[in-house]
Amino acid sequence: MATKIDRRNFLKVLGLGGAGAALAGCDMPSYATLEEGEEQVFSYLAPEEYMVPGIGVWYASTCLQCAAGCGVHGRVREGHALKLEGNPDTAVNKGKLCQMGQSALQTHYNPDRITSPRIGEKNVTWPEALAFIKEKVTGAPVWMTGSISGHQAVLLDIHLNASGGGAHYAVETVNAQVWQAACADALGDAQPNLHIDKALSVLSFGADFLGTWISPVKFMADYGAFRAAPRGVLTVVEPAMTLSGANADHWVAARPGSEAAVALGVAQVLATAYSVSTSALPSGAADAIAAMTPERVSALSGVDAKTLSKIARTLMSNSPSLVIGDGSYETAAAAMMLNLMLGNVGATITPGVELIPTDLGVRNGSTKALADFATDAQAGRIGTAFITGANPVFTAPGGLKIEDALAKIGLKVAVAMFEDETTALCDVVLPLASSLEDWGTHVPATGAGRGEVHVQQPLMEKLHPDVLGLGDIMLGLAQDAGADGLEDFEDYYGYLRTAISAMIGADLEPAWQAVLQAGKVQAPAADRAFTANGAIAINVPETSAPTAGQLSLITTARQGLFDGRHANLPWLQEAPDQISKAVWDSWAEIHPATAAGLGLKDGDYVTITSDSGAITTRVFLYKGVHPDAIAVPMGRGHTHYGRYATGIGVNPLSLLDGTADARTGEFINTTSVRVHATGDNRHLVRLMDVDSQYGRKLAATISADQLRRNQANKQGSA
Amino acid sequence: MPSLLGNIFKGWADYSKGNEEGGHHDYEHMYALAIDLDLCTGCNACSTACYAENNLPVVGEDKFGARQAMHWLRVERYFDEPDMDKIEDTNATDTQSRGASFLPMMCQHCNAAPCEPVCPVGATYHTVDGLNAQVYNRCIGSRYCANNCPFRVRYFNFYDNADSWPAPMDQQLNPDISVRSKGVMEKCSMCIQRTRAARDTAKREGRELKDGDIQTACQQTCPTSAILFGDLLDEASAISKVWKRHQVKLGTYKQDKENPELRGYRIFEELNVDTKVLYLERVREV
Amino acid sequence: MAAQQNLTHKHLTDEQTKDIDENIEWAKINADVLRSMENPRRGYWVAMFISVALFSVMIYAEVYQYQFGMGPAALNTSHMWDLYISTFVFWIGMSHSGTLLSAILHLVHADWRKPIYRFAEAMTTFSLLTAGIFPVIHLGRVWNFYWVMPYMSDRGLWPNFRSPLIWDAFAITAYLTSSVLFLYIGMIPDLAICRDNAKGWRKKLYTWLSLGWRGDDAQWRNFRFTYLMIACLLIPLAVSVHSIVSMDFSMSIMPGWHVTTFPPYFVAGALYSGCAAIITLFILLRYFFKFEHFMTMPILDKVCKLTFVIAMVWTYLNLVEFASVWYGHDIPSKEVLLAKASGPYSPFFWAMMFFGSVLPFALLSQWIRRNMYVLFFVSVFLNVGMWLERWMIVTPTLSLGYHPQAFNVMWPGWVEWAMVGGSFGWFGMLFLAFVKVFPSVSMYEVKEMVYHRKRTVYEDVDEMMNLHSGVPGPEPDLGPTPAPQTTGGA
């Protein structure tokens, strides 16, 4: 079915969407609102009643810097958003915000924003861009987005349905797909609630829950409760230290890819030394566990029997526990087996929450979607692609050859805030409003708040007049595709207001103001239920020490630059990496013994080569990485991403070959590489060049035994 | 002449009385911080929030490498634990066996600040709130204060960092706090602009300031609530309860704790600078 | 010259043992010194050119720094002070030369100082003027430097009197004022001689400066008293000024700076570098202006011995500082000391120890003391050692303070070196101008010295006076006949 994008309809969307609709700030008298749909100019001579120069007004909105969807309060003075804080009323983050959320201001005020539509190299007007799209569109268009939820997702589906039933590829490099698959297989619920705060021990196999996994701010708040008396114990098993690992009481280096073996090895110790029953496990699991003797674990992972017993002892002595895993399906599944054995299911893992309006729910991004997209594009099945919230040219594994796939797509339209590697290859680029200028609803990644849907509203007027909000664009496209039921809406604001009013069952102004002031709307929700588990296949890979001259490359994600999307924010480039404390450049983490074997010292440049590509960066020596591994964090290495990111660092994703996990189709983030010194050396710029306190009492530590003595003495609790 | 002598004697009397009472010197407030290192995950949100709140310039790789960066609050990371040396690490292998120790370090607002007496023009002084204030207008940039700071938390504007905010980034600047020019010293102010704003709000509403009215930017954003800010002279405040619970007193360089294993401590306390940031030791399960 | 054997040093000639030849004609003294102020030769202009060039580089560097901030000086969060402060202390130290020679030796009636104290006093004044540049240019906001002065500001603000930097400002101002006064007042009789022998703009200048000096009894009596009083004032000022400058460091809590012995240590170091500079300038002036008759080898000998003694005092105080740190409990201080000896700055530390404590032993050798060429280089290196000492006080402490996050090794950049070199250029400019405009040897005091030496040699005053009564004695070879003397000159 041919898609007709009617110019006049679309033009109606321009200039109205997002511009000065009702802004309800907190603690504001409800009669002081703006007229809908009118342009607003703030005059100091006759300001609005609520706008007092010098006094900030706080508006509630939602952070879109990652998929967690935390609620924010934005401080606005004289029409400018100046500071973001967490929204105290949203259950996900309870008033807290991570450094990516704080930096949303720089996303919004970034000097490299796209301010005008363009076709090829030429800046054009919106009507010209839309006319071009209308002319060139072929077949049923597809959408590539990141994780997406709320009413934007609804409109996206409506558009796709109305325009020929094209596919929606939700792509996220940093995701929890393997964990969700393991939970679905073992529990029948892909997104159960994880109660870190209720656990007395947490064992993580590479799941960076404090850094980048699912909803870090929420987990950090839970972690605070976890560490409060009685204090929980954190054990982390992973090939390279993540932020969660950096906070572990006990950190274990495991060969890349062998975390599942370690997990099953721990299960084996539990079954043998502690006689924990394996009867609750799905068939197939018990055998896998029995086969994983300490000797076999040691051979596969390098983790010795003493460590396995220690981990098992910690779990048994500190109950209830919680075991989580990431990186591969096997790891996540093995972690889930431990949960089942230890009786955590029902205690620290409880069924998740299902939104009753299911169309609002999260479409979780995955790298499988990227693989499918590449496959479909290569096969010529994609004629037109709309891309937003994703930069596949940067994040795709080098072996996927995404650029070739994209070249096969007839019309590529990017809806973006910044020029990046993907927009550089697109035919049309439409400028997108930032999260501080746009309307939307978002369902948080966890089920916190039981049906709480976060509302996003503009904190200020659009900085650049020609940008449009995502919802407005989708609404316009859907209307022009002839979708039913959308004719009455002039803009996304109108659509959203109607939809939310329907959700709360009231459409009067005060009710709407209340929603905006809270920054959230409560949707009906139902608890899911765990179902009995059937069979599960845990195929532990045969990991062994790499052959001479080879190392295992791991691409890690850090809270900060994330998957590279925040590399153009100077605050985050200058924020030292949590573990290495490096700034403004990439580095490769390598164990000192491995480095010595290769004749490397700190700051030496190395070329890391795989079958899919090569990168050259400096090494950083420390003991928080397995000797067989070389870990390069992702996020830098942009070739097109504005003045703060272009030409800085290297992109390790280009070294991956695109091998996918068998069960989930997710890209494996490790590959075999060769490392050669280039001979150059330059000091890696870090916040601090020392890793030691030199015997001075700076960050002091007390053992947990001493702490327990404190509490027993009752002379003062900690 | 008699009044001059009288003033000198009175000044001395005030000073020594203040020292006896734990350095309170007739202060109206005594703002302090407590940071729980066991809760701090090292995520760096506090540092970024400080950049956003206080108009801190981003200096770029070269200047950062030359150690001319302006991070008022820096999160340090150490891999060693000197206090735990006495306890055998049964997990020790040639890879890390424990995580790291993170230390958010900012101006400690010492009651006996070594930076205050040495400024030739008196650009840094102790306010009646107990804060160590830096007056940007008065600073002529002799940098003696920074040399005298044992924590090295004073930052000097070695450049005019105007290129840190290319338009429209300059629209994000917080108008409650100035943008400093070259030649001026700056440091953490415990978000003094928020303190003043909260006081004004309380006055406007005709009430007293209460605990929780003022949140520093770092405290407000910290996802684990590791940072606590408040008024030590307010007996009902959360912060004075924490200081009391850990038996740490102002005005002394040797704490007399009944239970020496309480977690609260101050850094470089033996230098007798009387800091107002209480750190709670990180706990490690061995 | 009538030669008389001095019986104590049989192997040396008179020239080599007598501080001054007591038979020198007073007319010759005038003539030699006045001749030194005549039109300069090429060498002088070369030296002036170099000084101006160095100073211009400094101006350029300062303009650059003024525009861009202190960043180009390679300063950073750990190293907030570097060469500016260490060179400042160095120049203050150099300034103690004149005071030592002028004031202290005057009080102990060591008259061998008389031929050389003038240029030493000039060196004092110019060192202070050079040192005074640095507290201004090291400021981040140079244009507000006057805020350190206690003036009635419209905001009712006074400087912070608790700050050692303010004490510096007062001490240096007081010392500079007193030194200038001392130099000037001590020069008045000489300026009168110059007035009587000058023409053109010089005559106007000297007439104005000599304040109508006639040389009569009343004037001489007032003069002696005033001179003595200023000398007495100057000595405690000199001790205090460098003690106060040392308090920039000792009043701080930084490891390696918080040392009680700094005040005497700095004063000893100042006297040391002053004496070494006196040797250097002595050799230069003696050579270029042919002042062999006044700046004699025995005087140089005495200066070298004095230098050696002061060097040993300095060495002792240095070792006291090291010992107290070594045996103390202050771990950061001990680490700073070890870092000085074995860390990245250790080559400069050991150079300092060598030049400061080992090299002065060369001054014990009579051969070296009498060998101008070697002695010149020895004295220059003694001062290099003293400059290194100031640098080693400032920088290693800052590179290793209390907090490990701030540990940082920093090397000065071109801006700082330009300023340091420029300060030598500025000093050179001032000193070179001085020696051509003002008498660099104190004529009247040399005459006093000759008179007093003669009195010790000749029992008979009449016979002594005969030599100057106009009765022809042995003809001195003076060159062109000098102008008639007025009462002020003779």
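Just so it is clear, the model here is predicted, and its values are computed rather than measured.

Chemist: Tell me about helix α4 (residues 83–94) of chain C, residues and numbers included.
Modeler: With 12 residues, α4(C) ought to run about 16 Å at 1.5 Å a step, and its terminal C-alpha atoms sit 16 Å apart, in line with that. Counting buried positions over the 12 residues of α4(C) gives 12, a clear majority of the element.

Chemist: Could you give me a rundown of unusual backbone geometry, with the residues and numbers involved?
Modeler: Here the amide bond leading from A:A229 into A:P230 is cis, since omega sits at -10°, within 30 degrees of zero. Take A:P230: it is sitting in the loop between α7 (216–227) and β10 (233–238). Residue A:S319 is joined to A:P320 through a cis peptide bond whose omega torsion reads 5°. One non-glycine residue, A:F562, adopts positive backbone phi at about 60°. Mapped onto the secondary structure, A:F562 falls in the loop between β22 (550–556) and α20 (570–574). On the basis of relative accessible area, A:F562 is assigned to the buried category, the value being 4%. Unusually for a residue other than glycine, B:R152 sits at a positive phi of about 55°. If you trace the backbone, B:R152 turns up in the loop between α4 (144–148) and β6 (155–156). Given the relative accessible area of 4%, B:R152 is considered buried.

Chemist: Outline the sheet that holds strand β6 (residues 142–145) of chain A, supporting the account with residue identities and numerical values.
Modeler: Residue and element names in this part refer to chain A. Spatially, β5-β4-β17-β16-β15-β6-β7 is the arrangement adopted by the seven strands of the open sheet, whose pairing is mixed. Of all strands in the sheet, those with a lone pairing partner are β5 (122–123) and β7 (168–170), marking the two edges. Across two bridges, strand β4 (residues 118–119) lies against β5 in antiparallel orientation. Looking at the pairing, R118 lines up with N123 of β5. Here helix α14 (residues 367–378) sits on the sheet in contact with β6, β7 and β15 (384–388), set at roughly 140° to β7.

Chemist: Go over the interface of chain A and chain C with me, naming the residues and quoting the values.
Modeler: The interface is formed by eight residues belonging to chain A together with eight residues belonging to chain C. Across the chain A to chain C interface the summed buried area is about 680 Å²; carbon plus sulfur atoms make up 58%. One can count one salt bridge joining chain A with chain C. The salt bridge involving A:R696 is made with C:E335; its shortest N-O contact spans 2.5 Å. There are four residue pairs in polar contact (both at pLDDT 80 or more) connecting chain A and chain C.

Chemist: I'd like to hear about the nonpolar core, residue by residue, with values.
Modeler: A:W179, A:F209, B:Y279 and C:F249 are the most contacted members of the largest nonpolar core, which totals 412 residues. If you tally residues by element for this core, the top one is helix α11 (residues 262–289) of chain C, at 17 residues. Formed by 27 residues, the second largest nonpolar core is a distinct cluster that contains A:V171, A:L370, A:A385 and A:A414.

Chemist: Provide a residue-level description of a nonpolar patch on the surface, including the pertinent values.
Modeler: Residue and element names in this part refer to chain C. On the surface, a nonpolar cluster with roughly 470 Å² of combined accessible area is contributed by V46, F49, I50, L54 and F424. Top element by residues in the nonpolar patch is helix α3 (residues 42–68). It accounts for four residues. Considering the arrangement of structural elements, one finds F49 in helix α3. For F49, a relative accessible area of 61% gives the class exposed.

Chemist: Could you give an account of the interface of chain A and chain B, with specific residues and numbers?
Modeler: The interface of chain A with chain B comprises 98 residues on the first partner and 88 residues on the second. Here chain A packs against chain B, burying approximately 7,800 Å² in sum over the two surfaces, 54% of which is carbon and sulfur. Here chain A and chain B share nine salt bridges between them. The residue B:R67 makes a salt bridge to A:D689 at a minimum N-O spacing of 3.7 Å. On inspection of chain A and its partner chain B, the count reaches 44 residue pairs in polar contact (both at pLDDT 80 or more). At seven residues, helix α22 (residues 704–713) of chain A tops the list of elements feeding residues into the side of chain A that touches chain B. Partitioning the side of chain A that touches chain B into residue classes produces 45 nonpolar, 28 polar and 25 charged. Taken together, the three bridges between strand β28 (residues 701–703) of chain A and strand β11 (residues 282–284) of chain B define a ladder with parallel strand orientation. What sits directly across from A:S703, in β11(B), is B:R284.

The rules behind these values
- Residues numbered from 1 in each chain as written.
- Chains lettered and ligands numbered in written order.
- Predicted model: local features only at pLDDT ≥ 70, side-chain atom pairs only at ≥ 80, totals over all residues.
- Heavy atoms only, no water.
- Helix = DSSP H or I, 4+ residues; strand = E, 2+ residues; numbered from the N terminus.
- Expected span 1.5 Å × (residues − 1).
- Buried < 20%, exposed > 50% of the residue type's maximum accessible area, 1.4 Å probe, protein only.
- Pairing = 2+ DSSP bridges.
- Contact = heavy atoms within 4.5 Å.
- Axes fitted to C-alpha atoms, helices over the stretch in contact; angles between N-to-C directions.
- Buried area = accessible area lost by both parts, 1.4 Å probe.
- Salt bridge = Lys/Arg side-chain N within 4 Å of Asp/Glu carboxyl O.
- Polar contact = N/O pair within 3.5 Å; in protein donor to acceptor, adjacent residues only side chain to side chain.
- Core = buried A, V, L, I, M, F, W, Y, C linked by side-chain atoms within 4.5 Å.
- Patch = residues over 30% accessible without salt bridge, like charges linked within 9 Å, V, L, I, M, F, W, Y side chains within 5 Å.
- Areas by Shrake-Rupley, 256 points an atom, 1.4 Å probe, with all protein chains shown as cover.
- Nonpolar A, V, L, I, M, F, W, Y, C, P; charged D, E, K, R; others polar.

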